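Okay, here's what each chain looks like letter by letter:
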Amino acid sequence: LLSGILEPARVPPDSTHRPHATPAARVDSRDKNLAAETLPGASATAEATPQRRSDAPHRNVGSMLPNTRDFPPLTPFAASVVEGKRRLPLSDTENLMVGAFGGTLECAVQMPLITLKICQQSKKPFPTTIGGWFRGVTAAAAPLGPITAVQVAVNGAIERVVTGGDRDPTDPERVGVAMAAGAVSSVLYSPVDLVVIQQQKLGLDSPGATVSAIVKEHGASGMMRGFWSCVVREAIYTAGYLGLAPIAKDYLTGNVEYFKSNDLAASIVGSSIGGTVAAVLTHPVDTSKTCAQSDIAGVKYPNARTALGMVYKDGGIGALYGGGLARTARLCGAFFIINNIREAAIDWKTARAEA
């Protein structure tokens, strides 16, 4: 019934629109079988209805409405509820584009915070020049765009499987799906982190030179050092920005009077909540991963698990959270940038469709 109402009526060019005909009567010969199945007896009605020509031109109202097949099916990801109205979701391609742009932008803007965190964790001296603070930005930002794109797109794909594409996910499902998407992205992210750390440590000028040095000295398997700790870190990190931060924002805008009319403030607070929780939970793992990847030869730290125990034994809980403030600030900023770009894309797409 909905397709008969919403889709434009297809009238043969040699006939005139019959304003009082049933939906089945306005279907051309290619759809008569489908109409007969959908509305029993409709085909007979269509044949029995005489052709009438209107004295004045009659405009087909159905042709003024959008064809429902022009829009992608509503999927849970990015189908946020605003003012009681469900917005159009982003397609997989749009998710990839949003993730790529957001990931690249946040990394490039916040590279000094990444450098500060690495220096504090690996006990390296701080850079003395502006260029030093941005050393490795190409190695970090260029791959981070595709990595974030993978996280966002995989998140949407898994949500469609979990929900069947016909309902919104529950809050636990949003967090769990985001964790799975983050774990998948570690296949790409772990080698990228290793290259950034080694490029800063060796003082090399390009990611390519760094990769060549690692492979030459430690073989291709050396590129995956610290992989499992990266899986844990990225699972929780992605749950923070694709799960917890949006959930916190939705709660604030739906339950706190001030935030109902202050969407930007709600986004800042929600991103800060998600970023802080993700940083607190993942920073010890990130510290052990950084130590293991910095000592790629395994002279002091045979692996990330051993590094975690050794760092704690040497410096206590404070050592595990070395560089924690810089990383927390970076995560809050990343969550804010990526989620606002995503929200802006959803709003733009919905506004275009409504227009």
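Quick summary incoming for the structure in this document.

Here is what the cut-offs are and how they apply
- Residues numbered from 1 in each chain as written.
- Predicted model: local features only at pLDDT ≥ 70, side-chain atom pairs only at ≥ 80, totals over all residues.
- Heavy atoms only, no water.
- Helix = DSSP H or I, 4+ residues; strand = E, 2+ residues; numbered from the N terminus.
- Buried < 20%, exposed > 50% of the residue type's maximum accessible area, 1.4 Å probe, protein only.
- Contact = heavy atoms within 4.5 Å.
- Areas by Shrake-Rupley, 256 points an atom, 1.4 Å probe, with all protein chains shown as cover.
- Salt bridge = Lys/Arg side-chain N within 4 Å of Asp/Glu carboxyl O.
- 1 Å grid on protein atoms, 1.4 Å probe; cavity = no way out; pocket = protein on both sides within 12 Å on 5 of 7 lines; lining within 4 Å.
- Points joined across faces, edges and corners; volume = space filled by probe spheres on them.
- Axes fitted to C-alpha atoms, helices over the stretch in contact; angles between N-to-C directions.
- Parallel < 35°, antiparallel > 145°, perpendicular 65-115°, else oblique.
- Left-handed = near helix turned anticlockwise from the far one by under 90°.
- Nonpolar A, V, L, I, M, F, W, Y, C, P; charged D, E, K, R; others polar.

**Digging into the overall build of the chain**
Part 1 of the reasoning: Across its full length, the chain holds 14 helices and 2 strands.
Part 2 of the reasoning: Across the 355 residues of the chain, 44% fall into the buried class.
Part 3 of the reasoning: Contacts in the chain between residues at least 24 apart in sequence constitute 73% of all its contacts with a sequence separation of at least 6.
Part 4 of the reasoning: When the accessible area of the chain is evaluated, it comes to approximately 18100 Å², of which 63% is carbon and sulfur surface.

**Looking at the pattern of salt bridges**
Part 1 of the reasoning: For the coordinates displayed, the defined rule picks out 14 salt bridges.
Part 2 of the reasoning: Salt-bridge contacts for Lys117 lead to Asp286; the nearest nitrogen and oxygen are separated by 3.1 Å. With a gap of 169 residues between them, Lys117 in helix 5 (residues 111-122) and Asp286 in helix 12 (residues 263-294) connect regions that are remote in the sequence.
Part 3 of the reasoning: Among the residues examined, Lys117 registers a relative accessible area of 11% and is labelled buried.
Part 4 of the reasoning: Classification of Asp286 by relative accessible area gives buried; the value is 0%.

**Looking at the environment of Leu242**
Part 1 of the reasoning: Here Leu242 shows up in helix 10 (residues 227-255).
Part 2 of the reasoning: A residue is classified by how much of its surface remains accessible, and Leu242, at 4% relative accessible area, is buried.
Part 3 of the reasoning: In this structure the C-alpha to C-alpha distance between Leu242 and Val152, which are 90 residues apart in sequence, comes to 7.8 Å.

**Notes on empty space enclosed by the protein**
Part 1 of the reasoning: For the structure shown, the criterion picks out 2 cavities of 30 Å³ or more.
Part 2 of the reasoning: Here the largest cavity defines a volume of roughly 290 Å³.
Part 3 of the reasoning: For the largest cavity, the lining is made up of 24 residues, of which Ile114, Tyr189, Asp193, Arg233 and Arg330 are closest to its centre.
Part 4 of the reasoning: Among the secondary structure elements, those contributing two or more residues to the lining of the largest cavity are helix 4 (92-109), helix 5, helix 7 (137-163), helix 8 (171-202), helix 10 and helix 14 (324-354).

**Section: the packing of helix 10 against helix 14**
Part 1 of the reasoning: Interhelical geometry of helix 10 versus helix 14 gives an angle of 60 degrees and a closest axis separation of 10 Å. Between helix 10 and helix 14, the angle is such that the two are oblique. Handedness of the helix 10/helix 14 crossing: right-handed. Residues Arg233, Tyr237, Gly240, Tyr241, Leu242, Ala245, Pro246 and Lys249 of helix 10 form the contact with helix 14, whose own contacting residues are Arg327, Leu331, Ala334, Phe335, Ile338, Asn339, Arg342 and Glu343.
Part 2 of the reasoning: Here the contact of helix 10 with helix 14 is composed, by residue class, of 9 nonpolar, 2 polar and 5 charged.

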